[in-house]
Amino acid sequence: MQSATDTSDAFPRLTPLGIDGLLVTFADRLDEAANRAALAFRSAVDDEGWEGMIETATSLASTFIAFDPARLNRETLAERLRKLLGTRDWFAADLPTGRRRLTIPVSFEGDHAPQLDEAADLAGLTRAQAIEEICARPVRALALGYAPGQAYLGELDAHWNIDRQRDLTPRVETGALVTAVRQLIVFATTTPTGWRQIGMTRFHGFRPDDPDRPIVLAPGDEVRFTPVSAAELEALCAPEGGVTLEDIA
Amino acid sequence: MTTVTLTRAGPGITVQDLGRRGYISQGLSRGGAADRTALLAAAALLRQEVTAALELPPSPLALRANGPLRFALTGSERAAQVEGNRLAWNGSHRLAEGETLTLAAGTGGYAYVSFGGGLATPIRLGSRAAHLAAGIGAPVETGDELLLGPDGGDAADLVLEAERTASAALRLLPSAHTALFPEDQIARLQETTFTRDPRGNRQGIRLTQDGAPFGTEGQLSLLSEIARPGDIQITGDGSPMLLGPECQTTGGYPRIGCLHPDDLPRAMQTPPGATLRLSFVPLDEATWQGEDDILRDMRARTAPRIRDPHDIRDLGAYQLISGVTTGETA
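Only a predicted model underlies this, so the values are computations on that prediction, with no experimental measurement involved. (Residues numbered from 1 in each chain as written. Chains lettered and ligands numbered in written order. Predicted model: local features only at pLDDT ≥ 70, side-chain atom pairs only at ≥ 80, totals over all residues.)

Q: Residues and numbers for the overall build of chain B, please.
A: From N to C terminus, chain B includes four helices and 23 strands. Overall, chain B is about 90 × 45 × 30 Å in size when its C-alpha atoms are taken along their principal axes. Considering chain B as a whole, with its 330 residues, one finds that 48% of them fall into the buried category. (Helix = DSSP H or I, 4+ residues; strand = E, 2+ residues; numbered from the N terminus. Buried ≥ 20, exposed ≤ 12 C-beta atoms within 10 Å, placed from the backbone.)

Okay, structure coming up:
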C-alpha cells in the first residue's frame, strides 16, 4: 500500500488521491515559487486537454487532476504529467494574467476581533503591531478552497507561522478575518474553524445568486486590508462590503 | 408537466442530483446525493436518465400529486404508502391526481423520492442540488409546491432486487497524507471496528473507536491540501471523520486514506450506532465501476413487480381468474 505513494523527498512529487485523482506537489510548506508553479502547471495541464480528465484545481502548492479511470489509465496520466513537468522550470513560471487587487475594509475592534490579542501574542507582536503588519502590504490569493470563493491569502512573515487551534471555534461568521500558518482568510461562509478570528469584514466572496460572477476572487488576485472602526464597518453592506477593485496584470 | 405539494416535510429534506463538477478550483465541492447509487436505481426504475430528486434524512415526508405522475422509492428503506396501501421499496409506482404519498420517519440513512421527468427546480452553477455548506439552496418546507419536468416515459410498477447488504470492510485507497502515518497506525486502522457516531451530516460523518487516537507528527501545522468526498480525515481528537459529498475542497487535517468511490454510498447510509471497518486495497488491484456501468447493471436487474393481492387497491374491481364460470355446463 505504501508503495503506491511516492515517498521520495524530491519535488515535484506525484501522489494518488484515491482511485481517480492525482496530486502534483511542488512543496510541502508554504512557498511563493511553488504556488506559482502549481498555478502555471495547472494551466498547462488544462491546455493539454487529455481525454478522460474530469477537472483540475490548485491548492497552495499542488496541482490536482481528477480523472475517469475507465477512460484514462492512472499510470498513463502519471507518465504524461512527468513528461510535462520535465519541459520547463515551473518554479520560474509567471503568475497568471487577468489578476485584480481588492482593497477590503476590516474592523479590528471589540467583538469583531475576539482572538486578535491571542494571535498577536503568538506572533510575538502587540495588538497594534499586528494590525499594522496585516494592513502594510497586499497578500496574494494563493488558492481558493474549503468553501466556495474562499481564498487562502499570503504569505505573512515567518513569525505569523501560528498553528491552528486544537479545538475548533464552533461558529465564525461570513466575512470574518482569520489567521493561521502565515495566512489570512476572509471566511466565505459561516462555519466552525481551527483558525483564530482577528477581524471582521462585510465582504462575501461567494454570491450564489449572481449569475455573472458568483465567485469574486481567483488564484493570483491580491487583497489589501484597510482598517476601519467598528462603527464604520457596521455602515457597510454585504456582499460588497466597501471593497474597491483594480486590475493589476 | 405537473407539480407536487409537500403537505409535510420533516427537517433537512433537500433536492439532490449528481452535483457539480468543475468547481473544485473555486472552492466548491461536487455535492449531490449522499447515496448516488439510489439516484441511479431510481433512473433504472423509471427508465429515464438520472434526475434531481428529494433526499430524505431520517425525517418524514408527505406529498400530494397535482396531476398524474410516476415516482420511484430508493435508498434507505422507509414505510411508504398511498391512501393506506403500502408500497414496495426499490420500486416505481404511479400517483393519480390528488393522491398523497406518505413516507414515515426512518432511523438512519437517506431515502430518495424521484419522479418521472425529475424535479425541475432552478439550476444554480450547473446543478439543482442544494449545497447547504456552500450556501446554495435550502431544505424544502411544508407547503412548498415543486415543479416536475416533462415526463416522456411510461414505465412504472418495476422493482429492483436490492443488493445483499454488504458487510465487507469499506475499501480504502491512499490519499494526500497516507504516507505520513506510521505503519503501525495504518495496520491498526484496518484492525479497528469503528462506530458511526450520531454526529454526522452531508459534510461528513464522525467515526469513533475504542483504543488509542490516530494522528501524525506536526499535524496542526500541515499545509492545507485538496480534500475529497470519501477522504478519512484525522481531526484533532484523533478520531476519523469520513468526508461526505458536501465536504470542504481543501483542509489542513491529515487524510489517512480515501474510500473507494463505489463504497462511499454504503458508508453514507450507515446509521448511527452501526459499525464499519476499513481495509486498504492496492491501487493497481482496485477495480472501478463508473456511474454509467452501475446504471446499465441496474437497468438489467429491474423486473415487473409481482403484486401481492393484499397490496392491490380495490381488489373487487379486478377479474381474478379469467374464464371462471358458475360451474354449470351450458
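Q: Give me the lowdown on the overall build of chain A, citing residues and values where you can.
A: Each helix and strand counted, chain A has five helices and 14 strands in total. Taken over C-alpha atoms, the radius of gyration comes to 19 Å for chain A, in line with the 18 Å a tight globule of 249 residues would show. Over its C-alpha atoms, taken along the principal directions, chain A stretches across nearly 60 × 40 × 35 Å. By the burial criterion, 47% of the 249 residues in chain A qualify as buried. A fraction of 63% describes how many contacts in chain A between residues 6 or more apart in sequence connect residues 24 or more apart. (Rg over C-alpha atoms; globule rule 2.2 N^0.38 Å. Contact = placed C-beta atoms within 7 Å.)

Q: How would you sum up the domain arrangement of chain B? Please name residues and give values.
A: Residues and elements named next belong to chain B. Looking at chain B, the domain boundaries give domain 1 (3–163 + 296–315) and domain 2 (170–285). A C-alpha centroid distance of 29 Å is found between domain 1 and domain 2. Across the boundary between the two partners, domain 1 contributes 20 residues, which contact 14 residues of domain 2. Residues that form the side of domain 1 that touches domain 2 fall into these classes: six nonpolar, eleven polar and three charged. (Domains from an automatic or database assignment. Nonpolar A, V, L, I, M, F, W, Y, C, P; charged D, E, K, R; others polar.)

Q: Pulling in residues and values, what's your account of the pairing of strand 4 (residues 62–67) of chain A?
A: All names here are of chain A. Extensive coverage of strand 4 is indicated by the burial of six of its six residues. Burial along strand 4 is two-sided: the residues S62, F64 and A66 and T63, I65 and F67 are all buried. One ladder, built from five bridges, connects strand 2 (residues 21–25) with strand 4; its direction is antiparallel. By the bridge assignment, V24 is partnered in strand 4 with T63. Bridge analysis of strand 3 (residues 53–58) against strand 4 gives five bridges, and the strand direction is antiparallel. Among the inter-strand pairings, A57 is bridged to a residue of strand 4, identified as F64. In this antiparallel pair of consecutive strands, strand 3 and strand 4, the connection spans three residues. (Pairing = 2+ DSSP bridges.)

Q: Tell me what's going on with the sheet that holds strand 20 (residues 255–259) of chain B, and back it up with residues and numbers.
A: Residue and element names in this part refer to chain B. The sheet built from eight strands is open, its strands ordered 21-14-15-18-17-20-13-22 with mixed pairing. A single partner strand is all that each edge strand has here, and the edge strands are strand 21 (275–276) and strand 22 (278–280). Note: strand 17 (residues 231–234) against strand 18 (residues 240–243), three bridges, orientation antiparallel. Bridging from a neighbouring strand, I234 pairs with P240 of strand 18.

Q: Would you mind going over unusual backbone geometry in detail, with residue names and values included?
A: All names here are of chain A. A cis amide bond links G154 with the next residue in sequence, E155, at an omega value of -10 degrees. When you line up the elements, E155 lands in the loop between strand 7 (151–154) and strand 8 (169–172). Residue P239 is reached from A238 by a cis peptide bond, and omega for that bond is 5 degrees. Looking at the element boundaries, P239 is found in the loop between helix 5 (230–234) and strand 14 (244–247). One non-glycine residue, R182, adopts positive backbone phi at about 60 degrees.

Q: Talk me through the interface of chain B and chain A; I want residue IDs and the actual numbers.
A: It is common to report an interface's size as the accessible area lost on association of the parts. The partner chain A presents 48 residues to the 43 residues of chain B that form the contact. Counting residues per element, the ones that place at least two in the side of chain B that touches chain A are strand 16 (225–226) and strand 19 (250–251) of chain B. Of the residues belonging to the side of chain B that touches chain A, the class tally is 21 nonpolar, 18 polar and four charged.

Q: An account of the sheet that holds strand 3 of chain A is needed here, citing residue identities and associated values.
A: Residues and elements named next belong to chain A. Strand order in this open sheet of four strands is 1-2-4-3, and the pairing throughout is antiparallel. Of all strands in the sheet, those bounded by a partner on one side alone are strand 1 (13–16) and strand 3. The average angle at which neighbouring strand axes cross in this sheet is 20 degrees, direction not considered. Here strand 1 runs beside strand 2; their pairing, made up of four bridges, is antiparallel. By the bridge assignment, T15 is partnered in strand 2 with L23. Most of the contacts of helix 2 (residues 74–85) go to strand 2, to which it runs at about 20 degrees, and overall it touches strand 1, strand 2 and strand 4. (Axes fitted to C-alpha atoms, helices over the stretch in contact; angles between N-to-C directions.)

Q: Residues and numbers for the environment of B:R301, please.
A: Residues and elements named next belong to chain B. Along the chain, the position of R301 falls in helix 4 (residues 291–301). Sequence-wise, R301 and E161 are 140 residues apart; in three dimensions their C-alpha atoms are separated by 6.9 Å. In contact with R301, other than residues within four places in its own chain, are L160 and E161.

Q: Please give an account of the packing of helix 1 (residues 36–46) of chain B against helix 4 of chain B that cites residues and values.
A: All names here are of chain B. The N-to-C vectors of helix 1 and helix 4 enclose an angle of 45 degrees; their axes lie 9 Å apart at closest approach. Of the possible angle classes, the one that applies to helix 1 and helix 4 is oblique. Pair helix 1 / helix 4 crosses with right-handed handedness. Across the interface between the two elements, R36, T37, L40, A41, A43 and A44 of helix 1 pack against E291, I294, L295, M298 and R299 of helix 4. Tallied by class, residues from the contact of helix 1 with helix 4 come to seven nonpolar, one polar and three charged. (Parallel < 35°, antiparallel > 145°, perpendicular 65-115°, else oblique. Left-handed = near helix turned anticlockwise from the far one by under 90°.)

Q: Before we move on, could you go through the nonpolar core and cite the residues and values that matter?
A: Ranked by size, the top nonpolar core spans 153 residues in total, and within it A:L153, A:I185, B:L39, B:A42, B:L54 and B:Y112 carry the most contacts. Examining the composition of this core, we find that nine residues originate from one element, helix 1 of chain B, more than from any other. In this structure B:Y112 touches B:A38, B:L39, B:A42, B:A53, B:L54, B:E55, B:T74 and B:G75, once residues within four positions along its chain are discounted. (Core = buried A, V, L, I, M, F, W, Y, C linked by C-beta atoms within 7 Å.)

Q: Explain the confidence of the model for chain A residue by residue, including any values.
A: Residues and elements named next belong to chain A. Across chain A, the average pLDDT comes to 92, with 96% of residues at 70 or higher. No element of chain A has a lower mean pLDDT than strand 11 (residues 191–193), which averages 87, and none a higher one than strand 12 (residues 196–200), which averages 98. Counting contacts from residues 1–5, a segment whose pLDDT is below 50, to residues more than four positions away or on other chains yields 15 contacts. (pLDDT = per-residue confidence, 0-100.)

Q: If you had to explain the domain arrangement of chain A to someone new, which residues and values would you point to?
A: All names here are of chain A. Parsing chain A into structural domains produces domain 1 (2–92) and domain 2 (100–247). The partner domain 2 presents ten residues to the seven residues of domain 1 that form the contact. Per-element tally for the side of domain 1 that touches domain 2: the top contributor is helix 1 (residues 32–48), with three residues. Its residues assigned to classes, the side of domain 1 that touches domain 2 shows three nonpolar, three polar and one charged.

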